[in-house]
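So the chains spell out like this:
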Amino acid sequence: MSLQGKKIIVGLSGGIAAYKTLTLVRLLVKAGAQVRCVCTPSALQFVTPLSLSTLSGYPLYSDMFSSRNESATEHISYADWGDLLVVAPATANTLGKFANGIADNALSTLFNAFNKTVLLVPAMNTQMYRHPATQENLQKLRAWGAEIMPAATGSLACGTEGEGRMPEAEAIFERINELLQKSCASLQEKKILITAGPTVEAIDPVRYISNHSTGLMGCCIADELAKRGAAVYLVHGPMQASPKAKMFRSIAVTSAQEMFKAATELWADMDMAVLSAAVADYTPLNPSKEKIKKHDESLQLRLSKTQDILAALGKNKQAKQLLVGFALETENELSNAGEKLHKKNADLIVLNSLKDSGAGFAQATNRVTFLEKDGTISPMPLKSKQEVAVDLADRMEYLYGKL
């Protein structure tokens, strides 16, 4: 079972069941997830910072005011980073804080800032679990959208048998996977156009003008959006890569003109479009019908500008359509990408630079910056193209929800 690319925050509060959470962290990491741990001060009476940081591969966040924190507002950066927050064990005290908006430690403050999927795993003595205050808090948190995993029945730390035991790590892991698969269907039935790969512009029947695009980035995006339930219409040039997921429709084209025609004909019926293809800006004006013979010392080609797909889609964009463009730059990256964003009426530009090591064509990785039309600029670290696709899909879901 793979959680590759998923970002999971594991919160621990002060209960003896915290020892089980170490196994949960190990299972999540083994499944490919990125895991960061957040603790209340009391939790550190039961597990050590070294254990959590070693298993997760990230420093533990437990002190809001520690000089070791990467950010002065760590609770906000964690909330932005994570796909899911699981709190196991969730004690009566911590549940009470969550339900009443009390933010007095790293975990409760993070909970107040987190607006994505939350899974709470209560663990406490039977009487505490059944107390009206605890049940009322759980009911309120459930009404707010939190997922509550029922407490198990069994031996408790106080020596009795009863309800309130924290489920085993394997059961919590299974529930996390279910919730993430459910969230991956968030684009269910949305129609999304994706362009990918290079275009090929004929000089004669033998020679052509093209670029080094393999289509890998576009295929990763197509796979991720299809996984989230979207109906993906993939318009692609001659690619070396191919998508793994089943596309709703795949349209193979060769030239920039053919890609322009296919994309513009589809656009009116789409909810979103991601234009990741490396489309030729110029094409030979009069391609030869016969192979050009090598006679002279030089050969002059007359080129004409191709039609701009992003600009055409932006010009005809409706209120409930989301338009994403890509910008590959070598100089003045941010200013050029920002100009492209506004001039072509896009909602989001994904910028990458050929100057960045590990980014660009024929690479398994990419380093991108997201530029939104409200002025938000979000530089991302170097990641695999699959991870970039996850980040982009998350951003698209968020922006589409604001339309």
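The rules behind each value
- Residues numbered from 1 in each chain as written.
- Predicted model: local features only at pLDDT ≥ 70, side-chain atom pairs only at ≥ 80, totals over all residues.
- Heavy atoms only, no water.
- Helix = DSSP H or I, 4+ residues; strand = E, 2+ residues; numbered from the N terminus.
- Contact = heavy atoms within 4.5 Å.
- Areas by Shrake-Rupley, 256 points an atom, 1.4 Å probe, with all protein chains shown as cover.
- Lys, Arg positive; Asp, Glu negative; His and termini not counted.
- Charge placed at Lys NZ, Arg CZ, Asp CG, Glu CD.
- Salt bridge = Lys/Arg side-chain N within 4 Å of Asp/Glu carboxyl O.
- Buried < 20%, exposed > 50% of the residue type's maximum accessible area, 1.4 Å probe, protein only.
- Core = buried A, V, L, I, M, F, W, Y, C linked by side-chain atoms within 4.5 Å.
- Polar contact = N/O pair within 3.5 Å; in protein donor to acceptor, adjacent residues only side chain to side chain.

### Comments concerning the overall build of the protein chain
Scanning the protein chain for helices and strands turns up 13 helices and 21 strands. C-alpha atoms of the protein chain, sized along the principal axes, occupy 95 × 40 × 35 Å. Contacts spanning at least 24 positions in sequence make up 69% of the contacts within the protein chain whose residues lie at least 6 apart. As displayed, the protein chain offers around 19700 Å² of accessible surface, 51% of which is attributable to carbon and sulfur atoms. The average position of the 43 basic charges and that of the 40 acidic charges among the side chains of the protein chain differ by 2 Å.

### A word on the pattern of salt bridges
Here the structure, examined in full by the defined rule, presents 19 salt bridges. With a shortest N-O distance of 2.9 Å, Arg228 and Glu397 are connected by a salt bridge. One end of the pair, Arg228, is in the loop between α9 (216-227) and β11 (231-236); the other, Glu397, is in helix α13 (residues 385-401), with 169 residues separating them in the sequence. The exposure class of Arg228 is buried, given its relative accessible area of 3%. The exposure class assigned to Glu397 is partly exposed, which follows from its relative accessible area of 23%. A salt bridge links Asp391 to Lys383; its shortest N-O distance comes to 2.6 Å. Residue Asp391 shares its accessibility class with Lys383, and that shared class is buried. Within this structure, Glu224, Lys227, Arg228, Asp394 and Glu397 form a network of salt bridges that share partners.

### Details of the nonpolar core
Most often, soluble globular proteins keep nonpolar side chains buried together rather than apart. Residues Ile8, Val10, Leu12, Leu28, Val86, Ile172 and Ile176 are the most contacted members of the largest nonpolar core, which totals 33 residues. Residue assignment for this core shows that the elements contributing at least two residues are β1 (7-12), α1 (18-30), β2 (34-39), β3 (84-90), β4 (117-122) and α8 (169-183). Other than its neighbours up to four places away in sequence, Ile8 contacts Leu3, Leu28, Ala33, Gln34, Val35, Arg36, Trp81, Leu84, Val86, Ile176 and Leu180. Leu187, Val232, Val388 and Ala393 belong to the second-largest nonpolar core, a separate cluster that totals 31 residues.

### A look at the side chain of Thr283
Inspection of the secondary structure puts Thr283 in strand β14 (residues 282-284). Among the polar contacts listed, one links the side chain of Thr283 to the side chain of Glu201, at a separation of 2.9 Å. Those residues in contact with Thr283 that lie beyond four places of it in its chain are Glu201, Arg302, Leu303, Ser304 and Thr306.

### A few points about the environment of Gly375
Within the fold, Gly375 resides in the loop between β19 (369-372) and β20 (377-379). With a relative accessible area of 52%, Gly375 lands in the exposed category. Between the alpha carbons of Gly375 and Gly338 there is a distance of 8.7 Å; along the sequence they are 37 residues apart.

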